[in-house]
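Working through the structure, step by step
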Amino acid sequence: MIKIALVGRANVGKSTLFNCFSKEKSAIVYDQPGVTRDPKKELIQWGDYSFYLTDTPGIDLYEDELLKRQVLKRIEEEAEDADYLWLMVDGTVGLTSIDRDVVKLIRKFGKPVIVLVNKVDRKDFDELTFYELGFEHVVAVSAEHQIGLHDIFAPMDAQRLMEGSIAERRSQIAVLGRPNAGKSTFINAILGEDRQLTGDMPGLTRESVKYPFDFHGEAYELIDTAGIKKKAKTKEDLEKLSLRASFDTLQFAECIIYMIDGKQVSQFGLDQQDLAMIYKILEEGRCLVVCMSKWDEVKDPKMVLDTVKHTLMIKGFSYVPIVPISSFERFGVSKIFDVVKRMLQFWNKRISTGKLNSWLKESALEVAPPSHGGRAVKLKFATQVKTRPPRICVFVNVVHDGLKKYERYLMNRFHKEFGYEGVPVRVFFRATKNPYVAEQTSS
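How each quantity is defined
Residues numbered from 1 in each chain as written. Predicted model: local features only at pLDDT ≥ 70, side-chain atom pairs only at ≥ 80, totals over all residues. Heavy atoms only, no water. Helix = DSSP H or I, 4+ residues; strand = E, 2+ residues; numbered from the N terminus. Buried < 20%, exposed > 50% of the residue type's maximum accessible area, 1.4 Å probe, protein only. Contact = heavy atoms within 4.5 Å. Areas by Shrake-Rupley, 256 points an atom, 1.4 Å probe, with all protein chains shown as cover. pLDDT = per-residue confidence, 0-100. Pairing = 2+ DSSP bridges. Axes fitted to C-alpha atoms, helices over the stretch in contact; angles between N-to-C directions. Parallel < 35°, antiparallel > 145°, perpendicular 65-115°, else oblique. Left-handed = near helix turned anticlockwise from the far one by under 90°. Nonpolar A, V, L, I, M, F, W, Y, C, P; charged D, E, K, R; others polar. Salt bridge = Lys/Arg side-chain N within 4 Å of Asp/Glu carboxyl O. 1 Å grid on protein atoms, 1.4 Å probe; cavity = no way out; pocket = protein on both sides within 12 Å on 5 of 7 lines; lining within 4 Å. Points joined across faces, edges and corners; volume = space filled by probe spheres on them.

Each helix and strand in the chain was counted, giving 13 helices and 15 strands. Sorting the 443 residues of the chain into buried and exposed places 53% on the buried side. Here the analysis covers contacts within the chain between residues at least 6 apart in sequence; of these, 69% occur between residues at least 24 apart. Accessible area of the chain: about 21,400 Å², with a carbon and sulfur share of 49%.

In structure tokens form, the structure reads like this:
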């Protein structure tokens, strides 16, 4: 399938154009240079065309030299891997020295280049100037108003574009956590290469970035997200956009790897912010594994592990698996995906009504449901009505508020009986007559 890399200096509209083709509109767009820091790749289906499109960061305006070198390395890697390069420039500004630096950078790869002169909708637009760059194909577009998009493909191999097909569906695994918890380092350890920017500076990752990844024959899509800060500390508009992108990822992912810095866990348990996020993830119905990062630097591993287990237990999350890892030493990294595979199997699994009713009967014998107004509550039968996450409907003769605590009891019994580690299970009650019981009575 054709691979296209979108390159150019910062703030010329690359991310806006990326969103024109992306169904998820997942690139953050903000009127500030340098918002995109990591290459963002997506499989695009646009009309009859299928292709991989990568939005790369701008090469300019990075004061930190290490960060600049890392960004340049990623741009070069994407350019080397691409079949076509889309060079975006700003038609209202004209050629700049940085545009010429980008041309020097990409020309050495010998790839077909299409110059996209953006902002054709502006009065001061000038397209002809950009033929000076020496490339044959110059196309005037407006990413903001989606003008000229079809013209971009005219110089390209239409047959190859139409031969592409959407790849097999991949399970989306999002990595969430607070800033500097080790998410990007973990992603790099999984992929076996430095794809994400890493360092001691919190907030290097600003957007949710996806990476296709195969593990033991299973197809996944890893999603790195911006660090989740407390609302009170999220002041700038750009930080709020990054936070929103992380929460959007939570809604669409199937499984969450929640990263916690093992060094930051005290004897008093998990931070309230981490607990709030764990609760939100499970409320969204997503599979969850808690990943304790930087394990090689933890001074008292047993204390930390026991503390985290105890905290999750008293909060009612004892079914959530905990996996300590060290991304640098690659300790525990592969174990994460053994857990993920099992969780996804449970998340998609249906249990037969026969097994559910045996579980329901044994549960009622151990602890009977609370009565209502002197009237006994009878558990008639149970059935699984939905997967992703599993939803179990228990039919009873009467529903009342006192059954709320009994729901939690049944959920705990469910996890104990069927072993759904890391998978939130929904149990709810409905008042109805059992038609099967009625038939047996009449016969």
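Back to the write-up after that little detour.
It is worth spelling out the confidence of the model for the chain at this point. For the chain, per-residue confidence averages 83 on the pLDDT scale, and 84% of positions sit at 70 or higher. Ranking the helices and strands of the chain by mean pLDDT puts strand β12 (residues 322–324) first, with 97, and helix α13 (residues 435–442) last, with 43. This model gives residues 437–443 a pLDDT under 50, and the stretch forms 0 contacts once residues within four places in sequence are excluded.

With that out of the way, let us pick up the sheet that holds strand β5 (residues 113–118). The 6 strands are arranged β2-β3-β1-β4-β5-β6 in an open sheet whose pairing can be described as mixed. Edge positions in the sheet fall to β2 (40–46) and β6 (137–140), since each of these pairs with one other strand and no more. For this sheet, the mean angle separating the axes of adjacent strands, direction not counted, is 25 degrees. Pairing of strand β1 (residues 3–7) with strand β3 (residues 49–55), which is carried by 4 bridges, proceeds in the parallel orientation. Paired with Leu 6 across the strands is Asp 55, a residue of β3. Packed on one face of the sheet, helix α2 (residues 65–81) meets β1, β2, β3 and β4 (84–90) and runs near 145 degrees to β1.

With that settled, consider unusual backbone geometry. With omega at 0 degrees, the peptide bond leading from Arg 388 into Pro 389 counts as cis. Turning to its location among the elements, Pro 389 is positioned in the loop between β13 (379–386) and β14 (391–396). Positive phi, close to 65 degrees, is recorded for Asn 180, a residue that is not glycine. Take Asn 180: it is sitting in the loop between β7 (171–177) and α6 (183–191). Even without glycine at this site, His 216 takes up a positive phi of about 50 degrees. Assignment of secondary structure puts His 216 in the loop between β8 (209–215) and β9 (218–224). Residue His 216 is classed as exposed on the basis of its relative accessible area, which comes to 64%.

Moving on: the packing of helix α11 (residues 353–366) against helix α12 (residues 403–418). Here α11 crosses α12 at 125 degrees, and the two axes come no closer than 10 Å. Classed by the angle they form, the pair α11 and α12 counts as oblique. Of the two elements, α11 crosses α12, and the hand of that crossing is right-handed. Contacts between α11 and α12 involve Lys 355, Leu 356, Trp 359, Leu 360, Glu 362, Ser 363, Ala 364 and Glu 366 from the former and Tyr 406, Tyr 409, Leu 410, Arg 413, Phe 414, Glu 417 and Phe 418 from the latter. A class-by-class count of the residues in the contact of α11 with α12 yields 9 nonpolar, 1 polar and 5 charged.

So, about the sheet that holds strand β15 (residues 426–431). If you walk across this open sheet you meet the 3 strands as β13-β14-β15, and the pairing is mixed. Only two strands of the sheet have a single neighbouring strand rather than two, namely β13 and β15. Averaged over neighbouring strand pairs, the angle between their axes works out to 25 degrees when direction is ignored. The pairing of β14 with β15 spans 6 bridges and is classified as parallel. Residue pairing in the sheet places Phe 395 in a bridge with Arg 430 of β15. On the sheet, α11 packs against β13 and β14 and is oriented at approximately 135 degrees with respect to β13.

With that settled, consider the packing of α6 against helix α10 (residues 333–347). Between two packed helices, both the angle of their axes relative to each other and the distance between the axes serve to describe the pair. Packing of α6 against α10 brings their axes to within 10 Å, and their N-to-C directions diverge by 90 degrees. Viewed along their axes, α6 and α10 adopt a mutual orientation that is roughly perpendicular. Between α6 and α10, the contacting residues are Phe 186, Ala 189 and Ile 190 on the first element and Val 333, Ile 336 and Phe 337 on the second. Each residue belonging to the contact of α6 with α10 can be placed in one class, and the counts come to 6 nonpolar, no polar and no charged.

It is worth spelling out the pattern of salt bridges at this point. Per the stated rule, a full pass over the model turns up 19 salt bridges. Arg 122 is paired through a salt bridge with Asp 121; the nearest N and O atoms lie 3.8 Å apart. On the basis of relative accessible area, Asp 121 is assigned to the partly exposed category, the value being 33%. Here Asp 214 makes a salt bridge to Arg 170, at a shortest N to O gap of 2.9 Å. With Asp 214 in strand β8 and Arg 170 in the loop between α5 (158–163) and β7, this residue pair connects regions lying 44 residues apart in the sequence. With relative accessibility at 48%, the residue Asp 214 sits in the partly exposed group. Each of Lys 3, Lys 41, Glu 78 and Asp 81 takes part in a single network of salt bridges with overlapping partners.

The alternating pattern of β2 places Lys 40, Glu 42, Ile 44 and Trp 46 on a buried face and Lys 41, Leu 43 and Gln 45 on a face that is not buried. As paired strands, β2 and β3 are joined by 7 bridges and run antiparallel to one another. Bridge pairing links Lys 40 to Asp 55 in β3. Following β2, the chain reverses through 2 residues before pairing antiparallel with β3; Gly 47 in that reversal takes a positive phi of roughly 65 degrees.

Gaps between atoms show up when a probe of the same size as a water molecule is rolled over them. Summed over the entire model, instances satisfying the criterion amount to 1 cavity of 30 Å³ or more. In this structure, the largest cavity occupies an estimated 60 Å³ of space. Around the largest cavity, the lining residues are Lys 3, Ile 4, Ala 5, Lys 41, Tyr 52, Thr 54, Glu 78, Asp 81 and Ala 82. Elements supplying a minimum of two residues to the lining of the largest cavity: β1, β3 and α2. Here the lining of the largest cavity takes 3 residues from β1, the largest share from any one element. For the lining of the largest cavity, a count of residues per class yields 4 nonpolar, 1 polar and 4 charged.

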